[in-house]
Structures are given as C-alpha cells and as structure tokens.
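Notes for the structure review
Here is how the chains run, residue by residue.
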Amino acid sequence: MARAWQEALSRDELRSLLETNNWRAWGSIALNWALVAASFAWVAGSPGIVSVLGAIAIIGGRQLGFAVLMHEAAHHTLFRNRRLNDFAGNWFCAYPVWTDIGPYRNYHLKHHAKNWTAEDPDLDLATKYPVTRDSMRRKIWRDLSGQVGWKRARATLRRDLGVGLANDGAGTSLSFGKTARKGGRSWHNLRGVVITNGILLLGLAAAGRPELYALWVVAWFTSNSLVTRIRSISEHNMVTDPGNDLTNSRTVEANWWQRLLIAPNRVNYHLEHHLLMTVPFYHLPRLHRLLSERGVLDGALVEKGYGSILRQAASKPAVA
C-alpha cells in the first residue's frame, strides 16, 4: 500500500524540500556559536549565580545543537559538497563536543534502515521509558550533578584510545559509544577535540577571560546530558505502534524557549525526519506544515511541548 505522506506531496514540493542551502547551514553554525559567545559575555558582564546557571543551560543546549548539525552532516544534508559537508560538520560542530561524523554515520544510518527491528542499534534507547517518578528524579540528578557526563567522558576516551566499545551508562547520548574508532589506539582520535577546544580556550584567554572556558566544560557534563536525555526520550520512547511510520517516532511542537534550551536546530521534528531523512533540518517545519494541512498527520505522534512527554516518561507506577 502506498504511503499517504508520499502521495500528499508533489514532485516540485519534494524537490524543494530536498534542496540544500549552504548559506542556511553557515548561518545555523554561526548562530549556535553566537549564542555560546553571548553566554560567555553574559557571565563576563554580569557575574552571578543567575548568569552562570543561565549560561550553562544555554551552552548545554547549543552543544546539543552542534551534535544535531553533525547529525545533518552525517546525512550529507548540511552542505552540498561532500568534502565541505564533512569538514565543516566535524571541525565546527562535532569535534568541539567530542564526537565525530565517521563513526556516528556508520551506526546512525543503520538506525534509519532498521528502525524498530532487532537490528536497530538504537533499539535499547527506545525502550527505556516509562519509569517511576523516583527513577526519573534520580536520572535528572545524575545528569545535572555530572555523573552521567563523567561516565560518558570515560567511555568516549576508552573508545578513542581503542580500549573497548564505549557506553555512556545512561542511554542518553546522540553519538557517543556506538562504534569503535577506525585505526584503533591512536592520539589522532583525540586530535579534533583537543585542537577545537584549545582554540576556544585560547580565544577566551585572548579576551582576558580564560576562566569562562569552565562554563563550556561544566555544560558538557551537566545541562548537555539532561537535554540529550530529553531528546532521546521524546523521539522513540512510549510510541503507540512501532510498525507504523506515523506512530513509531514523535514530533514535538516546541515553543521558543524550548527551541533555545532543549530542541535546537529543529531536532524536535523527528517524525518528519524519519519519513524523509534527506530533508535538511531547516525544511522540516515546512514538511510538517504541508503534511498537517493535508490531514496526513491526523493520528500521528505529535505532542505539544516537552512537559507532557516527561510526564509520560515518569508515569510508571511505583512498586509497593
């Protein structure tokens, strides 16, 4: 049976949706870094608990944003040119947050091809919830206290040094711990993260505020862990029918502050991404709108905001 969502789109609409725009890619990368820079400037100009916590929250969300842009590059939808796509995706997005397009692409495309089958490498992430409220509180505390980030750091370091497959211990990572690096034990596997983070630190030192780099590190260990967990929960957990294209992944209609802190770079349109994974992220809202206007998404898994998803994720009854 033909899929209704495919019949709802004309060839011209599909062609337009699949078109890659290099300027929009550069703009998205620049905006992510601008928000990071603004967070540093906020703390530098108005030091205090509010600015520090706010900066950590924003930076953690942007770190997820860089991972999302790396994910676009893994699909070859960030830039038209393949070499530029991988170069920019790694050096401006992936390496600063300690990931890499190469190993990520290998397993992630298998996730799309084998979604909700025994061969899906992300199947374990899709079946972790719901949990009890107490369990959810513990998970959130481990995220915000840096415990999950520390496990992820150790696991990723082991992966990069070739001493075993990594596992972040929480099932919340977008890209860490899924496959071993090529080349085995080698400092080359750490070159990108060391160089890019070194440049960031040197830039802050040149501005006279090297201590602000601590915000980047703390965010990676804390707020980034939490927002990555929320993203993971929202995409495939608690679906109604894994065999149905419209109900085996979820789109979240996020408001402005959720897009700032939780759902950067249109990562909330996950259902549409799975329907047509070669649509660049900036066209996903239009794809969602077209399908919605034509009734295709009636009955699809579309949620209003992340609050209801987190309530569902913490809805398992506690055992007496």
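Up top you'll find the structure we're talking about.
Read on for an overview of the structure. Given the structure is predicted, the values throughout are model-derived calculations rather than measurements.

Thresholds applied
- Residues numbered from 1 in each chain as written.
- Predicted model: local features only at pLDDT ≥ 70, side-chain atom pairs only at ≥ 80, totals over all residues.
- Heavy atoms only, no water.
- Helix = DSSP H or I, 4+ residues; strand = E, 2+ residues; numbered from the N terminus.
- Buried < 20%, exposed > 50% of the residue type's maximum accessible area, 1.4 Å probe, protein only.
- Phe/Tyr/Trp six-rings, centres within 6.5 Å; stacked < 30°, edge-to-face > 60°.

1. Remarks on unusual backbone geometry
- Residue Pro 130 is reached from Tyr 129 by a cis peptide bond, and omega for that bond is 15°.
- For Pro 130, the location among the structural elements is in the loop between helix 6 (101-113) and helix 7 (133-144).
- The phi dihedral of Arg 266 falls on the positive side, at around 65°, and the residue is not glycine.
- Secondary-structure assignment places Arg 266 in the loop between helix 12 (256-261) and helix 13 (270-275).
- Note on Arg 266: relative accessible area 33%, which makes it partly exposed.

2. A closer look at the packing of aromatic side chains
- All chains considered together, the criterion is met by 12 aromatic pairs.
- Centre to centre, the rings of Phe 87 and Trp 91 are 6.5 Å apart; their planes meet at 40°, and the pair counts as tilted. Taken together, the residues Phe 87 and Trp 91, both in helix 5 (residues 82-94) and 4 residues apart, mark about one turn of the helix.
- Exposure remark for Trp 91: the relative accessible area of 25% places this residue in the partly exposed category.
- Among the aromatic residues, ring-to-ring pairing joins Trp 26, Phe 79, Phe 87, Trp 91, Phe 92 and Tyr 95 into one connected group.

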